[in-house]
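Commentary on secondary and tertiary structure
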Amino acid sequence: MNHPFTRNLVRSGRELEIPADKLATDVLIESAIPIDIKCSGGICGACKCRLVSGEVEHRDLVLSKMQREEADILCQSRAAEAGGVVEEVL
Ligand code: FES
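Attention here is on the structure that accompanies the text. (Residues numbered from 1 in each chain as written. Predicted model: local features only at pLDDT ≥ 70, side-chain atom pairs only at ≥ 80, totals over all residues. Heavy atoms only, no water.)

Next up on the list: the overall build of the protein. When helices and strands are counted, the protein shows one helix and seven strands. When its helices and strands are written in sequence order, the protein yields β-β-α-β-β-β-β-β. For 90 residues, the compact-globule formula gives about 12 Å, and the C-alpha radius of gyration of the protein, at 12 Å, lands near that figure. C-alpha extents for the protein along the principal axes are approximately 25 × 25 × 25 Å. Across the 90 residues in the protein, those meeting the buried criterion constitute 40%. (Helix = DSSP H or I, 4+ residues; strand = E, 2+ residues; numbered from the N terminus. Rg over C-alpha atoms; globule rule 2.2 N^0.38 Å. Buried < 20%, exposed > 50% of the residue type's maximum accessible area, 1.4 Å probe, protein only.)

Quick look at the structure:
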């Protein structure tokens, strides 16, 4: 089940609220943040981003356990808990 959370973008200084019914990449596009997207399904890795902080629920099929310590896949990852904050280099 999805829940809403916040993505903080440290490079652009933006703070985006991601509603439960949207992918983070949908909100990034709506907010005119330039990102690479191909599959939107956590498969291709095009939307990989450097993770700064936050408890993340990774739902991709791309990253290894070690990679998940410092990266996430924007189209599928969400904060592990409702109202959580995930910080990215974006
Ligand atoms: S767009 Fe393919 S993994 Fe996100």
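The next subject is the side chain of serine 77. If you trace the backbone, serine 77 turns up in the loop between strand 5 (71–73) and strand 6 (78–79). You can call serine 77 buried: its relative accessible area is 2%. Among residues more than four places away in sequence, those in contact with serine 77 are Phe5, Arg7, Val56, Glu57, Arg59 and Asp72. (Contact = heavy atoms within 4.5 Å.)

Attention now moves to the nonpolar core. What tends to happen in soluble globular proteins is that the nonpolar side chains get buried as a cluster. Ranked by internal contacts, the top residues of the largest apolar core, which has 20 residues, are Leu16, Leu28 and Leu90. With three residues, the single largest contributor to this core is helix 1 (residues 24–30). Setting aside anything within four residues of it in sequence, one finds leucine 28 in contact with Leu9, Leu16, Ile33, Ile35, Leu74 and Leu90. (Core = buried A, V, L, I, M, F, W, Y, C linked by side-chain atoms within 4.5 Å.)

This part takes up the environment of alanine 24. As for its placement among the helices and strands, alanine 24 is situated in helix 1. Distance from alanine 24 to aspartate 72, taken between C-alpha atoms, is 12 Å for residues 48 residues apart in sequence. Excluding anything up to four places from it in sequence, alanine 24 contacts Arg7, Ile18 and Leu74.

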